[in-house]
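Each chain, written out:
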Amino acid sequence: MEIILKQDVDNLGNKDQIVNVRPGYANNYLIPQGYAAAATASAKKVLAEKIKQQAHKEAKMVADAQAVADKLNGVAVAIAVKVAEGGKIFGSVTAAQVADAIEAKGFSIDKRHVKVDAIKQIGEYKATVKIYKDIKAEVAVSVTAEASAE
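The notes below deal with the structure included here. All figures in this text were calculated on a predicted structure; none of them were measured in a lab. (Residues numbered from 1 in each chain as written. Predicted model: local features only at pLDDT ≥ 70, side-chain atom pairs only at ≥ 80, totals over all residues. Heavy atoms only, no water.)

## Some words on the packing of aromatic side chains
Counting across every chain of the model gives two aromatic pairs. Aromatic side chains Tyr25 and Tyr29 sit 5.8 Å apart centroid to centroid with 10° between the ring planes, which places their arrangement in the stacked category. Remark: Tyr29 and Tyr25 occur in helix H1 (residues 23-33); sequence separation between them is four residues, near one turn of the helix. On the numbers, 5.6 Å between centres and 55° between planes, the contact of Tyr29 with Tyr35 is tilted. On the basis of relative accessibility, which here comes to 35%, the residue Tyr29 falls in the partly exposed class. Accessibility expressed as a relative area gives 23% for Tyr35, which makes it partly exposed. Cluster of aromatic residues (ring-pair linked, three or more members): Tyr25, Tyr29 and Tyr35. (Phe/Tyr/Trp six-rings, centres within 6.5 Å; stacked < 30°, edge-to-face > 60°. Helix = DSSP H or I, 4+ residues; strand = E, 2+ residues; numbered from the N terminus. Buried < 20%, exposed > 50% of the residue type's maximum accessible area, 1.4 Å probe, protein only.)

## A closer look at the side chain of Ser142
Tracing the backbone through its elements, the reader meets Ser142 in strand S9 (residues 135-145). The class for Ser142 is buried, based on a relative accessible area of 16%. A distance of 3.0 Å separates the side chain of Ser142 from the side chain of Glu124, its partner in a polar contact. Contacts of Ser142, omitting those with residues within four sequence positions, involve Val77, Ala78, Ile79, Gly123 and Glu124. (Polar contact = N/O pair within 3.5 Å; in protein donor to acceptor, adjacent residues only side chain to side chain. Contact = heavy atoms within 4.5 Å.)

## Notes on the sheet that holds strand S1 (residues 2-5)
Across the sheet, which stays open at both edges, the three strands sit in the order S2-S1-S3 with antiparallel pairing between neighbours. Because the sheet does not close on itself, it has two edges, and the strands there are strand S2 (18-20) and strand S3 (36-38). Across the sheet, the mean angle from the axis of one strand to that of its neighbour is 40°, orientation sign disregarded. Strand direction decides the pairing type here: S1 and S3, joined by three bridges, are antiparallel. In the sheet register, Ile3 faces S3, and the bridge partner there is Ala38. The sheet strands contacting H1 are S1 and S3, and the helix crosses S3 at an angle near 130°. (Pairing = 2+ DSSP bridges. Axes fitted to C-alpha atoms, helices over the stretch in contact; angles between N-to-C directions.)

## As for the nonpolar core
Among the nonpolar cores identified, the biggest contains 26 residues, and Leu72, Val93, Val98 and Ile102 are the most heavily contacted of them. Listing elements by their share of this core, those giving two or more residues are helix H2 (41-73), strand S4 (76-81), strand S5 (88-93), helix H3 (95-104), strand S6 (114-116), strand S8 (123-132) and S9. Once residues lying within four places of it in the same chain are set aside, the contact partners of Val93 are Ile79, Val81, Val98, Ile119 and Val143. By size, the runner-up hydrophobic cluster in this structure holds eight residues, among which are Val9, Val19, Val21 and Ala36. (Core = buried A, V, L, I, M, F, W, Y, C linked by side-chain atoms within 4.5 Å.)

Written as structure tokens, this is what we have:
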């Protein structure tokens, strides 16, 4: 029996996929639980239209994300931190601090999408910002000593 999966099912398939299963499995478990629907001719047409619309939306989101990544690739941010003698930082520079510095430049970035290695010394570093799925941007991070007020 052909069914259309409404959500991902382990060892069977992913959402919006048409699969063949035994009629008992479909009628007694998958359909009543809301995991699948019968793959009638009209349901297949609806699914095809839905997939077509999703592909169009996906293409637009990828194009928008690529435009943001292109703008973000040339950005350099500076972060001033308290420093002990020898250039060692008190604590470390976190992804949240890098995200705040990027936001100050006019980009809206979630701190969870910023990847940066442990920064414990002043200097120049690279941070990777995940914009959308496989689209990433590199940001130059300059860590400098904070001017002391003595």
